[in-house]
Amino acid sequence: MIRAPQGFAAIVTAAGRGTRAGGGQPKQWRALKGRPVLDHALAAFAGFQRVLLVVHPDDIAEAMARYAGPVTLVTGGETRAASVRAGLEALEGQATHVLIHDGARPLVSDAVIQSVIDALTSGAKAAAPALPISDALWRGEAGRVTATAPRAGLHRAQTPQGFRLDAILAAHRAHPEDAADDVELALKAGHRVDITPGDEDNLKITFPADFARAERILGGAMDIRLGNGYDVHAFGPGDHVWLCGVRIPHEAGLVGHSDADVGMHALTDAIYGALAQGDIGRHFPPSDPQWKGADSAIFLAHAADLARAQGFRIGNADVTLICEAPKIGPHASAMQDRLSGIAGIEPGRTSVKATTSERLGFTGRREGIAAIATVTLIKD
Ligand SMILES: Nc1ccn([C@@H]2O[C@H](COP(=O)(O)OP(=O)(O)OP(=O)(O)O)[C@@H](O)[C@H]2O)c(=O)n1
Ligand SMILES: C[C@](O)(CO)[C@H](O)COP(=O)(O)O
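Residues numbered from 1 in each chain as written. Chains lettered and ligands numbered in written order. Predicted model: local features only at pLDDT ≥ 70, side-chain atom pairs only at ≥ 80, totals over all residues. Heavy atoms only, no water.

1. Considerations on the overall build of the chain
And then number 1: A tally of regular secondary structure across the chain gives twelve helices and 19 strands.
And then number 2: Put simply, the chain has 380 residues, and 50% of those count as buried. (Helix = DSSP H or I, 4+ residues; strand = E, 2+ residues; numbered from the N terminus. Buried < 20%, exposed > 50% of the residue type's maximum accessible area, 1.4 Å probe, protein only.)

Have a look at this one:
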């Protein structure tokens, strides 16, 4: 995942009706490998602090249900340019740079996005990906060639197209007419636009056959991640412990800044680990008083949301609690249900088990509880 620099925002346009793609439903909402096209496009921008999604008024409820939280929703206009303008107006003063991407381009790669960011951070006012034309160009009419056209210097434009926010907003305001893309308006406003490398796979779903092509490309790109997590909490005063989201009466409590749910922490760290996103401490610093006594479900839900935002589902989770007491067996099923519910894992794919350490070590001496967790994340 691209971690965008401070001040960089993304606008994803999804207010079109996809008339050329057919299918009885706007293309961005149709399934591609089991998830809406738009899910794939948004996942590419999950590392941006601010993402605006521009949707058709008819789709607001659906978009709210799926995306509210990680993204800000904006209602689009009659044309692509009007939709982008709506996003830009909503973003005014809240970012220095913006990358504008078609929600209908679900296969944009990190490399394409990074090249646009690099051009902008190196000082370009505008930069966008494109591919040089490699086929001969003809004019045609009524099924026959009427002329050939020189292709030298011609490029096929892609998105995301990146700009200084003030420059592209001013360009849109100065040229409220429709345009093929935002580069066209930037040029009209007199800005230089740098070309960055495009990618053949970064197709815009436009015609019915593009779905099959996108599925084929995605078919070869399954991403499976494995993550592990380990945590320990010491026993202290108290009459219950929280383990994997279940309250268990006990002769002692567990000491921690949050609710000290050692099992949930290990699983949360396993997810962050699989995403290469550090650990709980990075996302919820123990020095921050707001997490004092916090319900650890907040941490697990955050990690699972982060995975989903990057296009992953949790394939399975396996948690082992290491303690002499309390007895875990009677609670294991409730723990599995609770973890599955919080993390959005399909039933039957979460395991909670326990072992003693044969009275050896700190767990054997009943000084605390340890937990290890393993998780798989799958993007298919
Ligand atoms: N009024 C519009 C029109 C288009 N778009 C978005 O701009 C991108 C590129 O547009 P295009 O491929 O032309 O999409 P549609 O307009 O939906 O397609 P069609 O022209 O076939 O109806 C798409 O993500 C589309 O949702 C938009 O946000 N608002
Ligand atoms: C923005 C764009 O995807 C760049 O290639 C393209 O211009 C969109 O064109 P459309 O006419 O809206 O399909």
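2. Concerning the site of ligand 2
And then number 1: In the vicinity of ligand 2, the contacting residues are Arg20, Arg80, Asp102, Arg105, Ala157, Thr159, Ala180, Asp181 and Lys204.
And then number 2: Take Ala157: an N or O atom from its main chain is 2.7 Å from an oxygen atom of ligand 2.
And then number 3: Within the contact set of ligand 2, an oxygen atom lies 2.7 Å away from a backbone nitrogen or oxygen of Ala180.
And then number 4: When grouped by side-chain class, the residues that make up the shell around ligand 2 number two nonpolar, one polar and six charged. (Near = heavy atom within 4 Å. Polar contact = N/O pair within 3.5 Å; in protein donor to acceptor, adjacent residues only side chain to side chain. Nonpolar A, V, L, I, M, F, W, Y, C, P; charged D, E, K, R; others polar.)

3. Digging into the site of ligand 1
And then number 1: Taken together, 19 residues lie around ligand 1, and Gly18, Thr19, Lys27, Ser83 and Lys204 are the ones closest in.
And then number 2: At 2.8 Å, a backbone N or O of Arg20 approaches an oxygen atom of ligand 1.
And then number 3: One nitrogen or oxygen atom from the main chain of Gly77 is found 3.0 Å from a nitrogen atom belonging to ligand 1.
And then number 4: Compared with its free state, where it exposes 560 Å², ligand 1 has 87% of that area covered by protein.
And then number 5: For the shell around ligand 1, the elements supplying multiple residues, two or more each, are strand S1 (8-14) and helix H3 (80-91).
And then number 6: The class makeup of the residues in the shell around ligand 1 is three nonpolar, nine polar and seven charged. (Areas by Shrake-Rupley, 256 points an atom, 1.4 Å probe, with all protein chains shown as cover.)

4. Looking at the layout of surface pockets
To find the voids left in a structure, one rolls a probe of water-molecule size over its atoms.
And then number 1: If you add up the space inside the largest pocket, you get close to 1,200 Å³.
And then number 2: Lining the largest pocket are 44 residues, and of these Pro70, Asp305, Leu306, Arg308 and Ala309 lie nearest its centre.
And then number 3: The greatest single-element share of the lining of the largest pocket, amounting to seven residues, is contributed by helix H10 (residues 297-309).
And then number 4: Residue composition of the lining of the largest pocket, grouped by class: 22 nonpolar, eleven polar and eleven charged.
And then number 5: Both domains that furnish three or more residues to the lining of the largest pocket are identified here as domain 1 (8-218) and domain 2 (223-379). (1 Å grid on protein atoms, 1.4 Å probe; cavity = no way out; pocket = protein on both sides within 12 Å on 5 of 7 lines; lining within 4 Å. Points joined across faces, edges and corners; volume = space filled by probe spheres on them. Domains from an automatic or database assignment.)

5. Focus: the pattern of salt bridges
And then number 1: For the structure on display, the rule yields 19 salt bridges.
And then number 2: Notably, a salt bridge pairs Arg80 with Asp102, separated by 2.9 Å at the nearest N-O pair. Residue Arg80 is found in helix H3, and its partner Asp102 is found in strand S6 (residues 97-102); the two are separated by 22 residues along the sequence.
And then number 3: Asp102 gets classed as buried once you look at its relative accessible area, which sits at 8%.
And then number 4: Arg365 is paired through a salt bridge with Glu367; the nearest N and O atoms lie 2.7 Å apart.
And then number 5: Taking the relative accessible area as the measure of exposure, Arg365 reaches 52% and is therefore exposed.
And then number 6: Classification of Glu367 as partly exposed rests on a relative accessible area of 38%.
And then number 7: Residues participating in the shared-partner salt-bridge network are Arg80, Asp102, Arg105 and Asp182. (Salt bridge = Lys/Arg side-chain N within 4 Å of Asp/Glu carboxyl O.)

6. Some thoughts on the packing of aromatic side chains
Any two aromatic rings considered together are summarised by their centre-to-centre distance and by the angle between their planes.
And then number 1: One pass over the full model with this rule turns up five aromatic pairs.
And then number 2: Plain terms: the ring middles of Phe284 and Phe299 are 4.7 Å apart, the flat faces sit at 45° to each other, and that makes the pair tilted. Placement of the pair is Phe284 in the loop between helix H9 (280-283) and H10 and Phe299 in helix H10, with a sequence separation of 15 residues. No difference in accessibility class separates Phe284 from Phe299, as the two residues are buried. (Phe/Tyr/Trp six-rings, centres within 6.5 Å; stacked < 30°, edge-to-face > 60°.)

7. Description of the UniProt feature "site: Positions MEP for the nucleophilic attack" (unreviewed entry) in the chain
And then number 1: Residues annotated in UniProt with the feature "site: Positions MEP for the nucleophilic attack" (unreviewed entry) correspond here to Arg151 and Lys204.
And then number 2: Along the chain, the position of Arg151 falls in the loop between strand S9 (144-149) and strand S10 (155-157).
And then number 3: Look at Arg151 and you get partly exposed, because its relative accessible area is 38%.
And then number 4: Once residues within four sequence positions are removed from consideration, Arg151 is found in contact with Ile133, Ser134, Asp135, Ala136 and Leu137.
And then number 5: Separated by 3.2 Å, the side chain of Arg151 and the backbone oxygen of Ser134 make a polar contact.
And then number 6: Exposure remark for Lys204: the relative accessible area of 27% places this residue in the partly exposed category.
And then number 7: Those residues within four positions of Lys204 in sequence are excluded, and the remaining contacts are Arg20, Lys27, Asp102, Ala104, Arg105 and Asp210.
And then number 8: Among the polar contacts made by the side chain of Lys204, one reaches the side chain of Thr206 at a distance of 2.9 Å. (UniProt positions renumbered as here; feature names shortened; annotations may be inferred. Contact = heavy atoms within 4.5 Å.)

8. Thoughts on helix H5 (residues 165-174)
And then number 1: Turning to H5, its buried residues are Leu165, Ala167, Ile168, Leu169, Ala171 and His172.
And then number 2: Buried residues along H5 sit in contact with H3, S6, strand S11 (161-164) and helix H6 (182-188).

9. With respect to the nonpolar core
And then number 1: Formed by 47 residues in total, the largest nonpolar core has its most connected members in Leu243, Ile271, Leu321, Met335, Val375 and Leu377.
And then number 2: A per-element tally of this core places helix H8 (residues 262-274) first, with eight residues.
And then number 3: Residues in contact with Ile271, not counting those within four places in the same chain, are Leu300, Ala303, Ala304, Ala307, Ile314, Val375 and Leu377.
And then number 4: Of all hydrophobic cores here, the second largest spans 28 residues; its members include Leu42, Phe48, Leu120 and Ala124. (Core = buried A, V, L, I, M, F, W, Y, C linked by side-chain atoms within 4.5 Å.)

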